[in-house]
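Spelled out, the chains give:
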Amino acid sequence: MSAVVPGLPLVLDLDGRDVLVVGGGPVAAAKARQLLAVGARVTMVAPHFDEASHFDVASDLAGLPGQAVHAAGRPTARATLNGLPRLVITATDDEDVTAAVAADAAAARVFHNAADRPEHCSATLMALHRRGDVTVAVSTGGRSPAAAGWLRDRLAATIDAGAERAVRVAAVARDRIRAAGRSSEGLAWRNLLDEAAGLDGGRVAEADDAAADLADRFVRRALSGDAHSSPGGAHGSPDGDRAGRVQLVGAGPGDPGLLTVAAVAALRWADVVVHDALVGDGVLALIPKGTELIDVGKRPGRPVPQEAIGALLVLLARNGRRVVRLKGGDPYVFGRGGEEALALAAAGVAYDVVPGVSAALAAPALAGVPVTQRGLAAAVTVITGHRALSQPPVDWEAAARLGGTLVVLMGVAERAAIAAALQRGGLHPDTPVAVIERASRADQRVLRTRLRSVGDLLVEAPATLVIGEVAALDLRSAGGASSGASAIEGATTELCAAVG
Ligand code: SAH
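Rules and cut-offs
- Residues numbered from 1 in each chain as written.
- Predicted model: local features only at pLDDT ≥ 70, side-chain atom pairs only at ≥ 80, totals over all residues.
- Heavy atoms only, no water.
- Near = heavy atom within 4 Å.
- Polar contact = N/O pair within 3.5 Å; in protein donor to acceptor, adjacent residues only side chain to side chain.
- Areas by Shrake-Rupley, 256 points an atom, 1.4 Å probe, with all protein chains shown as cover.
- Nonpolar A, V, L, I, M, F, W, Y, C, P; charged D, E, K, R; others polar.
- Buried < 20%, exposed > 50% of the residue type's maximum accessible area, 1.4 Å probe, protein only.
- Helix = DSSP H or I, 4+ residues; strand = E, 2+ residues; numbered from the N terminus.
- Pairing = 2+ DSSP bridges.
- Axes fitted to C-alpha atoms, helices over the stretch in contact; angles between N-to-C directions.
- Contact = heavy atoms within 4.5 Å.

1. With respect to the site of the ligand
Here is step 1 of the chain: What surrounds the ligand is a group of 17 residues, the closest being V333, S358, A439, A463 and T464.
Here is step 2 of the chain: Here a nitrogen atom of the ligand sits 2.9 Å away from a polar atom, N or O, in the main chain of G328.
Here is step 3 of the chain: One of the backbone nitrogen or oxygen atoms of V333 is found 2.7 Å away from a nitrogen atom of the ligand.
Here is step 4 of the chain: In the complex, 93% of the free accessible area of the ligand, which totals 540 Å², lies under the protein chains.
Here is step 5 of the chain: Partitioned by chemical class, the residues of the shell around the ligand number 11 nonpolar, 4 polar and 2 charged.

Here it is in structure tokens:
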């Protein structure tokens, strides 16, 4: 069988079992050490044993549970498989030896691994990381050991002290529940694991004690038949309470790199995510498989009524679900998150808010526009351009007299009327305007114009309008933006002229 066939990863119990290692160099010695460390009985066969391998049975292997035997001689004969080892590992430069041993092993129906020769392997080794009871193993089917090791290290970083503690207490709890003759299935294990992993605020010993207490309560509830609440249960309730919880989470403007660490943690914690249309695909891709996704995207012509969303959140939480309400930008900036919070509070459902990076600030920044700048803008005002949602209505003529920068969200449709009202209020028709479409997405577009021409500009939602002197600036670095230093200089010169 070729090594690039995905195969089935297994953990082999080699304790006390025979393994043959063919080869006498440093690679063979390293394999032998790995095998001996898991208790295998290793026979090494090679014409000679390389001094450079520093492989010495007496000293190197003292204290290891397995045992090793050297056998000098050319290991091509079927005799090498005498006694039929469970596994054969070949680590030699001799292509003929590798091929012959592979053939012998295949004939004897013994699994064979050849270092760096995937075409001769019926078994491949994986890049390993062990911490406590957890083993992370990464395979590329033998195609790139370097890549496997690299990925193993990245995954290993996620298995921190909290994760190790969580696994330990869950294992102990499972043993106790099964020892009492009860089923360990269908319990709110994820709640226990989340809670035990998250106890890192205190010192390790305290966290360990607290985790042991949690597990103890979990076991007592399980034995009283009370811990079945799958899926869900309140966050921080390993007892499996039916009361769920909602997190109102800001997803930022679209690029997953602009999520907060708390938002990423919430997406992992959730068992259901209720999201808007504006949430970026890259953000949705971070939600673990198996998490239920509900799209309540308010698409034109097919709006999901706000009350229906509030009612849905309440219903999910009352069913014991761990709910993330994922909204573009910041949940409380024109996201109607405030209304959802009120609906949850009125229903007595526990909730938290995880603030997000709002398009109101991110879109200008990503277009190279600082919303405040010494000498140019001492204030920034964020206004909705959505007529129906602006209750009470915005007094645009008053806004024109505020000075500083105006940032308008949901203003694409009404942009001409907004610009006219601002001019009536005294804002100069030449006031610079920047329009940022789809900020932070791969197809972000920045348009620049003057207040008098805003209505003529072709703009596609979602877009953020920035009105004020700063809108002429483009502080993006020459290397990272479409416009170079000269454009910045030009804009600044123009600005100085306009201001001066
Ligand atoms: N809560 C969101 C805003 C919701 S209102 C936040 O804090 O960002 C929706 C409006 O936000 C859109 O009409 C548009 O004006 C703006 N917006 C959202 N995402 C955007 C993006 N990626 N680029 C530009 N504007 C965006």
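What follows picks up the thread again.
2. Here's the deal with the pairing of strand β7 (residues 134–138)
Here is step 1 of the chain: The two faces of β7 differ: V134, V136 and V138 on one face are buried, but T135 and A137 on the other face are not.
Here is step 2 of the chain: Looking at chain direction, strand β6 (residues 127–131) and β7 are connected through 5 bridges and run antiparallel. Residue pairing across strands places R130 opposite T135, the latter belonging to β7.
Here is step 3 of the chain: The antiparallel hairpin formed by β6 and β7 contains 2 residues in its connecting segment, where G132 sits at a positive phi of about 55 degrees.

3. Some thoughts on the sheet that holds strand β14 (residues 405–409)
Here is step 1 of the chain: Spatially, the 5 strands line up as an open sheet ordered β13-β14-β17-β15-β16, and their pairing is mixed. Both edges of this open sheet fall to β13 (380–384) and β16 (445–450), since each of them pairs with a single strand only. Taken over all neighbouring pairs, the strand axes of this sheet differ in orientation by 20 degrees on average, direction set aside.
Here is step 2 of the chain: Most of the contacts of helix α12 (residues 359–366) go to strand β17 (residues 463–467), to which it runs at about 75 degrees, and overall it touches β13, β14, β15 (432–437) and β17.

4. A few points about the side chain of H120
Here is step 1 of the chain: Examined against the element boundaries, H120 turns out to sit in the loop between β5 (111–114) and β6.
Here is step 2 of the chain: Among the polar contacts made by the side chain of H120, one reaches the side chain of E95 at a distance of 3.4 Å.
Here is step 3 of the chain: In this view, H120 contacts E95, T98, A99, A102, H112 and A114; residues no more than four positions away in its chain are not counted.

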